[in-house]
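Okay, here's what each chain looks like letter by letter:
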Amino acid sequence: MSKEKIVLVDICGTLFQSNTTFDFLHWLLRDDKNYLRFEHIRKLRIIGFLNHHVSQFFGIDIMRNVALRFLRGYTHEYLYYEANRFCRNYLDKRKNEQVFHFLEEWRSQGKRLVLVSATIDCVAHAVSVYCGIPLFLSTELSYNNQVCTGRIKKDLLANK
(Lines give C-alpha, C1' and ligand atoms only; values in the text may rest on other atoms or scores of the structure.)
Protein backbone atom coordinates (compact mmCIF):
# COMPACT_ATOMS: atom_id res chain seq x y z
CA MET A 1 0.00 0.00 0.00
CA SER A 2 1.55 3.32 -1.06
CA LYS A 3 0.98 6.54 0.79
CA GLU A 4 0.11 9.69 -1.12
CA LYS A 5 2.83 12.34 -0.89
CA ILE A 6 1.42 15.77 -0.08
CA VAL A 7 3.36 19.02 -0.36
CA LEU A 8 2.02 22.04 1.54
CA VAL A 9 2.87 25.29 -0.23
CA ASP A 10 2.75 28.76 1.30
CA ILE A 11 1.82 31.76 -0.84
CA CYS A 12 3.26 34.91 0.77
CA GLY A 13 7.03 35.12 0.48
CA THR A 14 7.19 31.63 -1.02
CA LEU A 15 5.28 31.53 -4.31
CA PHE A 16 5.34 35.33 -4.59
CA GLN A 17 7.46 38.10 -3.14
CA SER A 18 4.42 39.69 -1.58
CA ASN A 19 2.32 39.96 1.53
CA THR A 20 -0.69 39.18 -0.61
CA THR A 21 -3.37 40.36 1.81
CA PHE A 22 -1.94 43.85 2.25
CA ASP A 23 -0.81 44.08 -1.37
CA PHE A 24 -4.32 43.13 -2.52
CA LEU A 25 -5.87 45.71 -0.20
CA HIS A 26 -3.51 48.40 -1.52
CA TRP A 27 -4.18 47.35 -5.12
CA LEU A 28 -7.96 47.29 -4.63
CA LEU A 29 -8.21 50.43 -2.48
CA ARG A 30 -5.48 52.52 -4.14
CA ASP A 31 -7.96 55.40 -4.67
CA ASP A 32 -9.54 55.24 -1.19
CA LYS A 33 -8.08 58.17 0.77
CA ASN A 34 -9.17 56.69 4.11
CA TYR A 35 -7.43 53.40 3.37
CA LEU A 36 -4.28 55.19 2.20
CA ARG A 37 -4.27 57.21 5.43
CA PHE A 38 -4.66 54.01 7.45
CA GLU A 39 -1.87 52.37 5.42
CA HIS A 40 0.47 55.27 6.19
CA ILE A 41 -0.25 54.96 9.93
CA ARG A 42 0.13 51.15 9.80
CA LYS A 43 3.62 51.53 8.36
CA LEU A 44 4.89 53.73 11.19
CA ARG A 45 7.63 51.96 13.15
CA ILE A 46 5.99 52.42 16.54
CA ILE A 47 2.68 51.04 15.25
CA GLY A 48 4.45 48.02 13.78
CA PHE A 49 6.30 47.47 17.05
CA LEU A 50 3.13 47.67 19.13
CA ASN A 51 1.10 45.55 16.72
CA HIS A 52 3.81 42.87 16.70
CA HIS A 53 3.86 42.61 20.49
CA VAL A 54 0.07 42.67 20.84
CA SER A 55 -0.12 40.01 18.14
CA GLN A 56 2.41 37.80 19.90
CA PHE A 57 0.75 38.18 23.30
CA PHE A 58 -2.92 37.92 22.27
CA GLY A 59 -2.64 36.15 18.91
CA ILE A 60 -4.54 38.94 17.15
CA ASP A 61 -3.11 41.12 14.39
CA ILE A 62 -4.97 44.36 15.06
CA MET A 63 -3.67 46.15 11.95
CA ARG A 64 -4.73 43.28 9.71
CA ASN A 65 -8.18 43.15 11.29
CA VAL A 66 -8.63 46.91 10.91
CA ALA A 67 -7.39 46.76 7.31
CA LEU A 68 -9.90 44.05 6.44
CA ARG A 69 -12.73 46.29 7.68
CA PHE A 70 -12.19 48.31 4.50
CA LEU A 71 -13.63 45.34 2.56
CA ARG A 72 -17.01 45.73 4.27
CA GLY A 73 -19.75 46.15 1.70
CA TYR A 74 -17.94 44.54 -1.23
CA THR A 75 -19.68 41.53 -2.74
CA HIS A 76 -18.14 38.07 -2.74
CA GLU A 77 -18.31 38.06 -6.54
CA TYR A 78 -16.51 41.41 -6.85
CA LEU A 79 -13.72 40.46 -4.42
CA TYR A 80 -13.10 37.18 -6.24
CA TYR A 81 -13.13 38.94 -9.62
CA GLU A 82 -10.68 41.60 -8.43
CA ALA A 83 -8.46 39.00 -6.75
CA ASN A 84 -8.14 37.23 -10.11
CA ARG A 85 -7.16 40.51 -11.76
CA PHE A 86 -4.69 41.20 -8.91
CA CYS A 87 -3.12 37.78 -9.39
CA ARG A 88 -2.67 38.20 -13.15
CA ASN A 89 -1.60 41.85 -13.10
CA TYR A 90 0.33 42.22 -9.83
CA LEU A 91 1.42 38.86 -8.43
CA ASP A 92 2.48 37.51 -11.83
CA LYS A 93 5.35 40.03 -11.79
CA ARG A 94 6.41 38.87 -8.30
CA LYS A 95 6.66 35.13 -8.93
CA ASN A 96 9.43 33.20 -7.27
CA GLU A 97 10.46 31.27 -10.40
CA GLN A 98 12.53 28.75 -8.45
CA VAL A 99 9.51 27.72 -6.36
CA PHE A 100 7.34 27.44 -9.48
CA HIS A 101 10.02 25.13 -10.91
CA PHE A 102 9.72 22.97 -7.77
CA LEU A 103 5.93 22.87 -8.20
CA GLU A 104 6.34 21.39 -11.67
CA GLU A 105 8.93 18.93 -10.40
CA TRP A 106 6.65 17.79 -7.55
CA ARG A 107 3.71 17.44 -9.95
CA SER A 108 5.79 15.28 -12.27
CA GLN A 109 6.64 13.07 -9.27
CA GLY A 110 2.91 12.60 -8.61
CA LYS A 111 2.87 14.60 -5.39
CA ARG A 112 -0.35 16.29 -4.34
CA LEU A 113 0.03 20.05 -3.88
CA VAL A 114 -2.02 21.99 -1.34
CA LEU A 115 -1.84 25.74 -0.78
CA VAL A 116 -1.85 26.71 2.90
CA SER A 117 -1.77 30.42 3.62
CA ALA A 118 -3.04 33.05 6.04
CA THR A 119 -3.94 35.24 3.06
CA ILE A 120 -7.64 35.97 2.54
CA ASP A 121 -9.81 33.47 0.68
CA CYS A 122 -10.42 35.52 -2.47
CA VAL A 123 -6.66 35.88 -3.04
CA ALA A 124 -5.94 32.24 -2.16
CA HIS A 125 -8.62 31.13 -4.62
CA ALA A 126 -7.11 33.31 -7.38
CA VAL A 127 -3.63 31.91 -6.67
CA SER A 128 -5.09 28.39 -6.67
CA VAL A 129 -6.50 28.92 -10.16
CA TYR A 130 -3.32 30.67 -11.36
CA CYS A 131 -1.11 27.81 -10.16
CA GLY A 132 -3.47 24.98 -11.06
CA ILE A 133 -3.59 23.83 -7.43
CA PRO A 134 -7.27 23.21 -6.67
CA LEU A 135 -6.86 22.52 -2.95
CA PHE A 136 -6.18 25.42 -0.60
CA LEU A 137 -6.64 26.43 3.02
CA SER A 138 -6.72 30.11 3.86
CA THR A 139 -8.16 32.76 6.12
CA GLU A 140 -11.86 33.07 5.37
CA LEU A 141 -13.64 36.38 5.26
CA SER A 142 -17.14 36.58 6.71
CA TYR A 143 -20.00 37.23 4.30
CA ASN A 144 -23.64 38.02 4.97
CA ASN A 145 -25.90 37.49 1.94
CA GLN A 146 -22.77 37.38 -0.27
CA VAL A 147 -21.59 40.78 1.06
CA CYS A 148 -18.33 41.00 2.99
CA THR A 149 -18.76 42.04 6.62
CA GLY A 150 -15.14 43.22 6.88
CA ARG A 151 -14.48 40.55 9.50
CA ILE A 152 -12.72 37.22 9.58
CA LYS A 153 -14.74 34.02 9.82
CA LYS A 154 -11.76 31.67 10.17
CA ASP A 155 -8.19 32.91 10.65
CA LEU A 156 -5.13 30.87 9.64
CA LEU A 157 -2.66 33.52 10.80
CA ALA A 158 -0.31 31.78 13.25
CA ASN A 159 -2.47 28.65 12.85
CA LYS A 160 -1.16 27.15 9.61
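As a reminder, the structure under discussion sits directly above these lines.
Residues numbered from 1 in each chain as written. Predicted model: local features only at pLDDT ≥ 70, side-chain atom pairs only at ≥ 80, totals over all residues. Heavy atoms only, no water.

K.L.:
Give a description of a nonpolar patch on the surface that names residues and reports values.
P.N.:
A cluster of nonpolar side chains, namely Ile41, Leu44, Ile46, Phe49 and Leu50, defines an oily patch on the protein surface of about 470 Å² accessible area. Top element by residues in the nonpolar patch is helix H3 (residues 45-58). It accounts for 3 residues. Residue placement: Ile41 occurs in helix H2 (residues 33-42). Given the relative accessible area of 43%, Ile41 is considered partly exposed. (Patch = residues over 30% accessible without salt bridge, like charges linked within 9 Å, V, L, I, M, F, W, Y side chains within 5 Å. Areas by Shrake-Rupley, 256 points an atom, 1.4 Å probe, with all protein chains shown as cover. Salt bridge = Lys/Arg side-chain N within 4 Å of Asp/Glu carboxyl O. Helix = DSSP H or I, 4+ residues; strand = E, 2+ residues; numbered from the N terminus. Buried < 20%, exposed > 50% of the residue type's maximum accessible area, 1.4 Å probe, protein only.)

K.L.:
Which residues make up the sheet that holds strand E2 (residues 112-120), and what values go with them?
P.N.:
The strand order across the open sheet formed by 4 strands is E1-E2-E3-E4, and the pairing between neighbours is mixed. Whereas interior strands pair on both sides, the edge strands pair on one side only; in this sheet they are strand E1 (6-9) and strand E4 (147-154). For this sheet the average axis-to-axis angle between neighbouring strands, irrespective of direction, equals 35°. (Pairing = 2+ DSSP bridges. Axes fitted to C-alpha atoms, helices over the stretch in contact; angles between N-to-C directions.)

K.L.:
Tell me about the packing of helix H1 (residues 20-28) against helix H5 (residues 76-89), and name the residues and values.
P.N.:
In contact at an axis separation of 11 Å, H1 and H5 are set at 100° when each is read in the N-to-C sense. With respect to H5, the axis of H1 lies roughly perpendicular. Across the interface between the two elements, Thr20, Asp23, Phe24, Trp27 and Leu28 from H1 touch Tyr78, Leu79, Glu82, Ala83, Arg85 and Phe86 from H5. Along the lines of polarity and charge, the residues of the contact of H1 with H5 split into 7 nonpolar, 1 polar and 3 charged. (Parallel < 35°, antiparallel > 145°, perpendicular 65-115°, else oblique. Contact = heavy atoms within 4.5 Å. Nonpolar A, V, L, I, M, F, W, Y, C, P; charged D, E, K, R; others polar.)

K.L.:
Tell me about the side chain of Asp23, residues and numbers included.
P.N.:
Inspection of the secondary structure puts Asp23 in helix H1. Beyond its immediate stretch of four places on either side in the chain, Asp23 contacts Ser18, Phe86 and Tyr90.

K.L.:
An account of the pattern of salt bridges is requested, with residue identities and associated values reported.
P.N.:
All chains considered together, the criterion is met by 5 salt bridges. The partner of Arg64 in a salt bridge is Asp155, with the nearest N and O atoms 3.0 Å apart. A residue pair is termed long-range when its members are at least 10 positions apart, and Arg64 in helix H4 (residues 62-69) and Asp155 in the segment after E4 qualify at 91 residues. According to the relative accessible area criterion, Arg64 is buried, its value standing at 4%. Looking at Asp155, the relative accessible area reads 28%, which means it is partly exposed. In this structure, Glu104 engages Arg107 in a salt bridge whose closest nitrogen and oxygen atoms are separated by 2.6 Å.

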